[in-house]
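Coordinates in review
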Amino acid sequence: MQRIGLFGGSFNPVHLGHLLVAQAAREELQLSRLFFIPAAQSPFKPGRVLAPAEARLQMLRLALAGQTDCEIDDQELERGGVSYTVDTVRDYVRRFPAAQLFYLIGADHVPQLPKWREADGLARLVEFVVIARPGQIAAPLPTPFRGETLNGFPLGVSSSQIRERVRAGLPIELLVGSAVAEAIRNNRLYL
Ligand code: ATP
């Protein structure tokens, strides 16, 4: 049976914390495929203006270059509007009816899970995989969600911190890698 990981987020920008989540998931869950799924607009951050979809996609492509078992799925960007995980997961259930699906989330998202759209339906369709995040207590999954917690490689880096560093003129290469840092500079993002 195929084991497929789904990793949704704003990726504004993608950073090493995200890449380490992906590595932990591939190794600890023995995934056959892992999809990064950038959101058009998060329901929980309605007022937030994101870098353009094309720029976020380009940074994901640069960050994942050469990682053949990581793929990028732009369906939420194509749909536009507010991105709901249940819509995306339903699409995977249709496309991969025999696969076991795992949805990856950082520990910071666990308390909010019951507020996700169609929470009961979503909990039936997919197993949640929680990855530790420094500063976040790894709370157990609320009912009716099921899943597990990974050891991961906890790294206290966030996209907000990177955007703040860009605005402050501080280096970000070690947090996002040189290719993504160059794309941020060239596209004059987050200034
Ligand atoms: P922002 O700071 O803009 O809110 P973020 O760094 O949390 O962004 P997102 O793109 O919103 O990044 O995150 C996508 C997913 O990755 C979420 O499930 C989030 O919890 C998880 N994540 C992000 N950074 C880390 C990290 N350093 N360790 C573990 N999980 C992370």
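See above for the structure.
Not measured: the values here are computed from a predicted model. (Residues numbered from 1 in each chain as written. Predicted model: local features only at pLDDT ≥ 70, side-chain atom pairs only at ≥ 80, totals over all residues. Heavy atoms only, no water.)

1. Some remarks on the overall build of the protein chain
A tally of regular secondary structure across the protein chain gives 8 helices and 6 strands. Helices and strands appear in the protein chain in the N-to-C order β-α-β-α-β-α-α-β-α-β-β-α-α-α. In terms of overall dimensions, the protein chain is globule-like: its C-alpha atoms have a radius of gyration of 16 Å, near the 16 Å expected for 191 residues. Along the longest, intermediate and shortest principal axes, the C-alpha atoms of the protein chain span 45 × 35 × 35 Å. Sorting the 191 residues of the protein chain into buried and exposed places 46% on the buried side. Long-range contacts, defined here as pairs at least 24 residues apart, represent 69% of the contacts in the protein chain between residues at least 6 apart. Carbon and sulfur atoms make up 51% of the accessible area of the protein chain, which totals about 9,400 Å². (Helix = DSSP H or I, 4+ residues; strand = E, 2+ residues; numbered from the N terminus. Rg over C-alpha atoms; globule rule 2.2 N^0.38 Å. Buried < 20%, exposed > 50% of the residue type's maximum accessible area, 1.4 Å probe, protein only. Contact = heavy atoms within 4.5 Å. Areas by Shrake-Rupley, 256 points an atom, 1.4 Å probe, with all protein chains shown as cover.)

2. Overview of the sheet that holds strand 2 (residues 33-38)
Ordered in space as 3-2-1-4-5-6, the 6 strands form an open sheet in which the pairing is parallel. Of all the strands in the sheet, the pair left with one neighbour each is strand 3 (70-72) and strand 6 (147-150). Taking each pair of neighbouring strands and ignoring which way they run, the sheet shows an average axis angle of 25°. Note: strand 1 (residues 3-9) against strand 2, 6 bridges, orientation parallel. By the bridge assignment for strand 2, Ile-4 is matched with Arg-33. Along the sheet, helix 2 (residues 53-63) makes contact with strand 2 and strand 3, crossing strand 2 at roughly 155°. Sheet strands in contact with helix 4 (residues 85-95) are strand 1, strand 2 and strand 4 (100-106), and its direction is about 155° off that of strand 4. (Pairing = 2+ DSSP bridges. Axes fitted to C-alpha atoms, helices over the stretch in contact; angles between N-to-C directions.)

3. Focus: the side chain of His-15
If you trace the backbone, His-15 turns up in the loop between strand 1 and helix 1 (16-29). Exposure remark for His-15: the relative accessible area of 3% places this residue in the buried category. Separated by 3.4 Å, the side chain of His-15 and the backbone nitrogen of Ser-159 make a polar contact. Beyond its immediate sequence surroundings of up to four residues, His-15 is in contact with Val-157, Ser-158, Ser-159, Ile-162, Leu-175 and Val-176. (Polar contact = N/O pair within 3.5 Å; in protein donor to acceptor, adjacent residues only side chain to side chain.)

4. Overview of the packing of aromatic side chains
When we look at a pair of aromatic rings, we describe it by the centre distance and by the angle of the planes. Counted according to the given criterion, the structure contains 10 aromatic pairs. Ring centres 5.4 Å apart and planes at 80° place the aromatic pair Phe-7 and Phe-11 in the edge-to-face group. Both residues of the pair, Phe-7 and Phe-11, belong to the buried class. Judged by centre distance (5.9 Å) and plane angle (75°), the rings of Trp-116 and Phe-128 are edge-to-face. Here Trp-116, found in the loop between strand 4 and helix 5 (119-125), pairs with Phe-128, found in strand 5 (residues 127-131); they are 12 residues apart in sequence, far enough to count as distant. Both residues of the pair, Trp-116 and Phe-128, belong to the buried class. Here Arg-95 stacks its cationic end above the ring of Tyr-92, 4.6 Å away from the centre of that ring. Over the ring of Tyr-84 we find Arg-117, and its NZ or CZ is 3.8 Å from the ring centre. (Phe/Tyr/Trp six-rings, centres within 6.5 Å; stacked < 30°, edge-to-face > 60°. Lys NZ or Arg CZ within 6 Å of the ring centre and 35° of its normal.)

5. Side note on helix 1
In this model helix 1 runs 19 Å from its N-terminal to its C-terminal C-alpha over 14 residues, within 8% of the 20 Å that 1.5 Å per residue would give. What helix 1 keeps buried is the set Gly-17, His-18, Leu-19, Val-21, Ala-22, Ala-24, Ala-25, Arg-26 and Leu-29. Gln-30, located one to two residues past helix 1, shows a positive phi value of around 50°. (Expected span 1.5 Å × (residues − 1).)

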